[in-house]
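Take a look at the letters that make up each chain.
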Number of protein chains: 2
Amino acid sequence: MNPLSGKINLDFRSSEPIYLQIAQQIQQLVMKGDLKLGDQLPTVREMATELRINFNTVSRAYRLLDETRLISTQRGRGTYIWEEPDEAMKQKLRQKGLEELALRYLKEAGKLGYTPAEAIETLKQLAQSGQTSLSDEDQQEER
Amino acid sequence: MNPLSGKINLDFRSSEPIYLQIAQQIQQLVMKGDLKLGDQLPTVREMATELRINFNTVSRAYRLLDETRLISTQRGRGTYIWEEPDEAMKQKLRQKGLEELALRYLKEAGKLGYTPAEAIETLKQLAQSGQTSLSDEDQQEER
DNA sequence: CGTATTATTGTATAATTGTATCATTGATTG
DNA sequence: CAATCAATGATACAATTATACAATAATACG
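> I keep staring at the pairing of strand β2 (residues 71–74) of chain B and nothing clicks. Help me out?
The side chains of a regular strand alternate between the sheet's two faces. Residues and elements named next belong to chain B. For β2 and strand β3 (residues 78–81), the ladder comprises four bridges, and the chain directions are antiparallel. In the strand pairing of β3, Ser-72 is matched with Tyr-80. Linkage of β2 to β3, two consecutive antiparallel strands, is achieved through a turn of three residues, within which Gly-76 is found at a positive phi near 85°.

> For this particular structure, what's the right way to read the sheet that holds β3(B)?
As a general point, the strands of a sheet are linked pairwise by backbone hydrogen bonds and lie either parallel or antiparallel. All names here are of chain B. With antiparallel pairing, the three strands of this open sheet are ordered in space as β1-β3-β2. The two strands at the open ends of the sheet, each matched to only one other strand, are β1 (40–41) and β2. As paired strands, β1 and β3 are joined by two bridges and run antiparallel to one another. By the bridge assignment for β3, Leu-41 is matched with Thr-79. Here helix α3 (residues 55–67) sits on the sheet and contacts β1, β2 and β3; the angle it forms with β2, its principal contact strand, is near 125°.

> When you look at the protein's contact with DNA strand C in this model, what are you seeing that I'm missing?
The full set close to DNA strand C counts 26 residues, and A:Val44, A:Arg45, A:Asn56, B:Arg45 and B:Asn56 are the nearest of them. Taking B:Arg45, its side chain carries an N or O atom lying 2.7 Å from a base oxygen of DNA strand C. Note that a base oxygen of DNA strand C is positioned 3.1 Å from one of the backbone N or O atoms of B:Gly76. Secondary structure elements with two or more residues in the surface near DNA strand C: α2 (44–51), α3 (55–67), β2 (71–74) and β3 (78–81) of chain A together with α2 (44–51), α3, β2 and β3 of chain B. Taken together, the residues that form the surface near DNA strand C break down as four nonpolar, 16 polar and six charged.

> Sorry, what's going on with the packing of aromatic side chains here?
For any two aromatic rings, the description comes down to two numbers: the centre-to-centre distance and the angle of the planes. Overall, the coordinates contain zero aromatic pairs over all chains when judged by the stated rule. We note B:Arg45 situated over the ring of B:Phe55; from NZ or CZ to the ring centre the distance is 4.3 Å.

> For this particular structure, what's the right way to read the environment of B:Asn2?
Residue and element names in this part refer to chain B. Positionally, Asn-2 belongs in the segment before α1 (18–32). Distance in space between the C-alpha atoms of Asn-2 and Glu-46 is 8.8 Å, their sequence separation being 44 residues. Residue contacts for Asn-2: discarding those within four places in its chain leaves Pro-42, Glu-46 and Glu-50.

What counts, and where the lines are drawn
Residues numbered from 1 in each chain as written. Chains lettered and ligands numbered in written order. Predicted model: local features only at pLDDT ≥ 70, side-chain atom pairs only at ≥ 80, totals over all residues. Heavy atoms only, no water. Pairing = 2+ DSSP bridges. Helix = DSSP H or I, 4+ residues; strand = E, 2+ residues; numbered from the N terminus. Contact = heavy atoms within 4.5 Å. Axes fitted to C-alpha atoms, helices over the stretch in contact; angles between N-to-C directions. Near = heavy atom within 4 Å. Polar contact = N/O pair within 3.5 Å; in protein donor to acceptor, adjacent residues only side chain to side chain. Nonpolar A, V, L, I, M, F, W, Y, C, P; charged D, E, K, R; others polar. Phe/Tyr/Trp six-rings, centres within 6.5 Å; stacked < 30°, edge-to-face > 60°. Lys NZ or Arg CZ within 6 Å of the ring centre and 35° of its normal.

Next up, the structure:
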């Protein structure tokens, strides 16, 4: 069994592309310590089969992480955790991830006809009212 | 201890295939005089074990060098330095090596969206500003 | 010695793994 | 509706590894 079997949960209904979902979740697993330096990730084909997607999509996620030097992909050999990000890096990655999420939120809101200002306002109110269950328990897989 | 133990440094993250890295570095060692006519190279398995790669990858590097007559591989016997390149040959090899590096640089820059002109400009500036530590001290091994 | 046996060395071929390129699809935009 | 673009898929490819093999050397034994 590979090290992150069942730990990647995709939401095929999300507008978030699945290659980003994969990349972000792997990033989080590293930051949580579930994946450590030197660990081998599943091959693109393994993971693709498990997630029932094309292996090129996994490859794209891996390439993204390779560019940030979080992992190392080696043709013919496999893919490995390359560096455990230091605090600064973690912060940067978190920031970047957040920004992507934020951008998507605004974009989606825009589709629904809301201005950024409106989207922000709604967000604020939501944050104040329902302060329960906003933490990160494991989510259910969707498809 | 074999004659080039620790003298081959691989970068598994490079897009340069490791069989080429090996071949080029052996070539350089011969040109530098670290390897002389008649010297035996480590067996494919020895070197593979040291570098933590498959011996077929070493074999491929050896085959490459065998084809240029720099070394002689003999099944069941081993691998030996075959001829020390004369000055003309050395010059040619150095030139070829540099061209390969240049090509690679441009290719990588291209992937990042830079035109050759931009890549060249950046290179120029870099060369002017930081003229320190551009020599060839031994590099750190990567994985 | 001579020969059989075993170990050592490089080689050939197929399987595995990531990559590059182009095609398809579905949504967005004008 | 056509054009366009991003995400995903299909296909062919390149690097590396796994496995079985062939040639040579080293050793054992008569």
